[in-house]
Amino acid sequence: MVSSWRVQQAAREIRAGAVIAYPTEAVWGLGCDPWNEEAVDRLLAIKSRSVDKGLILIADNIRQFDFLFEDFPEIWLDRMGSTWPGPNTWLVPHQNMLPEWITGVHDTVALRVSDHPVVRELCSLVGPLVSTSANPQGRPAAKSRLRVEQYFRGQLDLVLGGALGGRRNPSVIRDLVTGEVVRAG
């Protein structure tokens, strides 16, 4: 298990603009402060990912996303709440409440409340984080710290240790409005 001290160090670095790698439920992720455009731009450059695609935000509890949910019908909140925490990502109308460097060209933003203990502790300290798989565009997602270091040697500010959560596949992605599965998990 990762020490609380290491997670607190990672939180301080994220607040200062760091791009980090960390274990999630199924694969390693890259993350940063979603409100820091420079950090997000750097993460996208490291990954060779277009800003147009948008990014996932992760949190340790649903309340961290309350700023987006003010006018949402109860059925939508129940739909998300019944699957969180866990490996379920929802495409949620962002109502222009998030910057384009997070939403890309989409009217929705991808949200997940993680059940991974390292991710949850980190998000409890810093709030929602950008989360994208730790791999250069077009390459398989990293399933080990060694692969993260091979992919991104010298480009990350911190690689937070820990074990993956034991899931074989990344999270299922669903559209909140329609309930439709966009990506099977």
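Residues numbered from 1 in each chain as written. Predicted model: local features only at pLDDT ≥ 70, side-chain atom pairs only at ≥ 80, totals over all residues. Heavy atoms only, no water.

Visitor: Now, about the UniProt feature "domain: YrdC-like" (unreviewed entry) in the protein chain: what can you tell me, with residues and values included?
Guide: UniProt marks residues 4-185 with the feature "domain: YrdC-like" (unreviewed entry), using the numbering shown here. Along residues 4-185, the helical share is 29% and the strand share 21%, with 30 Å between the first and last C-alpha atoms. (UniProt positions renumbered as here; feature names shortened; annotations may be inferred. Helix = DSSP H or I, 4+ residues; strand = E, 2+ residues; numbered from the N terminus.)

Visitor: Tell me what's going on with the nonpolar core, and back it up with residues and numbers.
Guide: Ranked by size, the top nonpolar core spans 37 residues in total, and within it Ile 102, Leu 111, Val 148 and Leu 156 carry the most contacts. The set of elements that each furnish at least two residues to this core consists of β2 (28-31), α2 (37-47), β3 (56-59), α3 (74-81), β4 (88-93), α4 (100-103), β5 (108-113) and α6 (145-152). Beyond its immediate chain neighbours, meaning those up to four positions away, Leu 156 contacts Val 19, Ala 21, Leu 30, Arg 42, Ile 46 and Val 148. Of all hydrophobic cores here, the second largest spans 19 residues; its members include Ile 14, Leu 91, Leu 129 and Ile 173. (Core = buried A, V, L, I, M, F, W, Y, C linked by side-chain atoms within 4.5 Å. Buried < 20%, exposed > 50% of the residue type's maximum accessible area, 1.4 Å probe, protein only. Contact = heavy atoms within 4.5 Å.)

Visitor: Outline the state of the cysteines, supporting the account with residue identities and numerical values.
Guide: Considering all chains together, one arrives at 0 disulfides under this definition. As a non-bridged cysteine, Cys 32 has Cys 123 as the owner of its nearest cysteine sulfur, 12 Å distant. By relative accessible area, Cys 32 is classed as buried at 0%. (Disulfide = S-S within 2.5 Å.)

Visitor: Go over the pairing of strand β8 (residues 172-175) with me, naming the residues and quoting the values.
Guide: Note that β4 and β8 share 4 bridges and pair parallel. Across the sheet, residue Trp 90 finds its bridge partner in β8, namely Arg 174. One ladder, built from 2 bridges, connects β8 with strand β9 (residues 181-183); its direction is antiparallel. Within the sheet, the bridge partner assigned to Arg 174 lies in β9 and is Val 181. If you look at the hairpin formed by β8 and β9, you'll find 5 residues sitting between the two strands, and Gly 179 has a positive phi there, around 80°. (Pairing = 2+ DSSP bridges.)

Visitor: Which residues make up unusual backbone geometry, and what values go with them?
Guide: Most peptide bonds take the trans form, and the phi angle of most residues other than glycine is negative. The step from Trp 84 to Pro 85 runs through a cis peptide bond, and the omega angle for that step is -10°. Residue position: Pro 85 is located in the loop between α3 and β4. A positive phi angle, close to 60°, is found at Ser 48, a residue other than glycine. The topology assignment puts Ser 48 in the loop between α2 and β3. Notably, Gln 95 is not glycine yet its phi reads approximately 50°, a positive angle. Mapped onto the secondary structure, Gln 95 falls in the loop between β4 and α4.

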